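# Descriptive analysis of the structure
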Amino acid sequence: MQRKDLALRVLSTAAIMSIVTSIAAPAFAGTYYIGKGSIDVVTSTDGEHVHVIQNGIAYIDRDNEIVIKDGTDENDTTLKDADRAAATPAVAPAATPATQEAAGPADAAGESQPDPDDAFTLSEEEEDSEEGKDPADNPTDNPAANPTDDPTANSKKDVVFELDPAADPEPEQQATKPASTTSVNPTAETREATLAAAPTAPAAGSATTPTTNVIKVINNWVGEAAKKLKIRLSNVNIKSSTDAAMTVSGDGNTKIELDGKNTLDSSNVSGKAGLNKQGNGTMTITDEKTDGGETRTSKAADDKTGSLTVVGGVGAAGIGGNSAPSSDSGVGDTKNITIEGYATVDATSGKNGDTGICGGAGIGGGNFGSADNIIIQGNANVTAKTGYHSDGAAIGGGAYGSGTNIGIYDHATVKATADITGAAIGRGGYGQKASVTIGSKDKTQENENVHVTAKAYYSAIGGMAGFIGNAADRTTDIVIQGGATIEEASCTYVPAIGGSSGVSNVVIRGHAVIKKAGLIGGRGSYKFGDQGDKVT
């Protein structure tokens with residue numbers, strides 16, 4: 001008992017207070033609240049854990065999933081872990097040695113707290129010495145003395161410890177220690193009343209109160225044995241004023257699960273994407289589980305959970321690249337973006353900055369940026385559009401950028417609308433290359449039902465090519481096949497499906513259905529006499 005008492009006394013008062021508070025609203029490990037401050041997520045070099053930094057405090061997180069929620073703690077977050085049917089408490093992330101001393105005050109909100117039992121161990125002799133003692137000697141060891149304890153609850157999370165002021169090794173701090181508003185031995189009525197209490201104001205980062213805090217992810221887990229970094233966004237609402245609302249970079253694979261309604265808005269930050277994707281890694285946006293934690297097998301048309309709304313700043317993409325000063329800077333480029341599962345995504349690029357041909361894609365490159373390997377599959381429902389007078393594609397390249405290896409498969413539904421010179425799906429205005437595949441080879445309308453609506457001013461699927469290079473540099477390759485259905489492909493000028501110049505190769509085969517489309521191929525007011533067009 002002596003070692004145990006000493007270990008308990010050296011726990012910070014803030015940590016003890018948060019454990020007491022957790023009786024009313026337990027917080028689970030791996031959970032961080034965007035309302036408390038910006039969050040950096042950085043993978044470790046050993047490939048085994050993640051560093052999460054918030055307000056200058058670094059946590060080592062070994063949980064299988066990093067959860068980022070709205071609000072400042074579990075009390076005012078929208079979707080509580082206790083309400084998730086499949087939620088299970090995990091081991092709390094530990095502060096690194098360099099920051100553990102500072103972790104106390106910042107952690108008083110109650111999340112990511114260390115387990116009190118992790119602070120000590122008992123030898124066999126000390127355990128034996130505990131046997132035979134009268135439980136009345138220590139009320140916390142006597143179940144009868146705590147009639148409100150829930151026998152089904154996690155015993156470690158609901159333990160209440162009371163510091164002995166006389167024995168506290170840091171008595172000089174007693175005057176500044178916060179007084180608990182929760183009873184050390186709360187009654188059942190107290191616990192129920194605390195759980196039922198509603199926040200006095202909307203949570204920061206919630207649907208009604210966006211936060212300016214941002215999220216940055218650096219994932220460099222690579223190699224055949226590399227793990228996938230999993231991040232869950234739960235009702236996060238960011239309207240940034242300084243940077244991209246969220247950035248995912250590095251060469252590792254990052255998977256973002258959506259709970260509730262999430263918003264990443266960088267419209268107040270010129271040149272920054274709403275969700276900036278950098279590096280060679282793959283970023284996957286999905287909704288595989290319901291807000292209750294159950295595996296999704298369907299999703300009603302009016303179900304708004306598992307959704308993400310993204311808006312870019314001037315010249316930037318909604319999801320993808322930032323605005324670049326030139327085509328060779330690489331700042332506007334993006335690659336390897338997948339939207340799948342039952343994710344509902346609405347992405348809008350930033351508006352044109354009134355600088356002539358300019359703009360990013362709804363999903364894809366920023367200004368002067370190209371996009372490669374943009375995949376929409378599963379049961380995803382995606383709406384992509386360009387901002388006011390943006391010359392980027394709705395899905396594909398930004399202004400002057402190519403849009404290559406764009407694929408739409410399975411049971412996905414896509415609505416893409418471009419404003420000026422960019423394609424709805426394909427290259428940005430005056431970009432070089434475009435390659436788009438809609439539907440899967442050898443599939444039929446019975447086992448695949450892709451639905452695509454593409455509308456643009458100049459070209460719906462493909463895009464208006466630029467003037468740089470010869471015809472071979474300005475290629476447009478489009479394949480529509482399998483169980484694909486083009487609900488509408490429409491535009492005012494140039495072909496609805498094809499390219500405006502260069503070489504266009506359009507293949508429509510299998511069980512594909514074109515319900516409504518304008519000209520298919522490579523003709524139109526901006527056709528410059530290049531040869532080699534082919535429509536099959």
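Calculation notes
- Residues numbered from 1 in each chain as written.
- Predicted model: local features only at pLDDT ≥ 70, side-chain atom pairs only at ≥ 80, totals over all residues.
- Heavy atoms only, no water.
- Helix = DSSP H or I, 4+ residues; strand = E, 2+ residues; numbered from the N terminus.
- Buried < 20%, exposed > 50% of the residue type's maximum accessible area, 1.4 Å probe, protein only.
- Contact = heavy atoms within 4.5 Å.
- Pairing = 2+ DSSP bridges.
- Polar contact = N/O pair within 3.5 Å; in protein donor to acceptor, adjacent residues only side chain to side chain.

What follows covers the overall build of the protein. Each helix and strand counted, the protein has 5 helices and 34 strands in total. Split into buried and exposed, the 536 residues of the protein put 52% on the buried side. A separation of at least 24 residues holds for 80% of the contacts in the protein among residues at least 6 apart in sequence.

A few words on the pairing of strand β4 (residues 57-61). Burial runs high along β4: 5 of the 5 residues are buried. On β4, burial covers both faces: Ile-57, Tyr-59 and Asp-61 on one face and Ala-58 and Ile-60 on the other are all buried. In the sheet, strand β3 (residues 50-54) pairs with β4 via 5 bridges, with the strands oriented antiparallel. The partner of Ile-53 across the bridge, within β4, is Ala-58.

A word on the side chain of Asn-322. Tracing the sequence through the fold places Asn-322 in the loop between β16 (319-320) and β17 (334-339). Assessed through its relative accessible area of 6%, Asn-322 is described here as buried. For Asn-322, the side chain forms a polar contact with the main-chain nitrogen of Ala-273, separated by 2.8 Å. A polar side-chain atom of Asn-322 sits 3.1 Å from a polar atom in the side chain of Asn-276. Ignoring anything within four residues of it in the chain, the contact list for Asn-322 reads Gly-271, Lys-272, Ala-273, Asn-276, Gln-278, Ala-316, Val-331, Gly-332, Gly-366 and Asn-367.

This is a description of form; function is not addressed.
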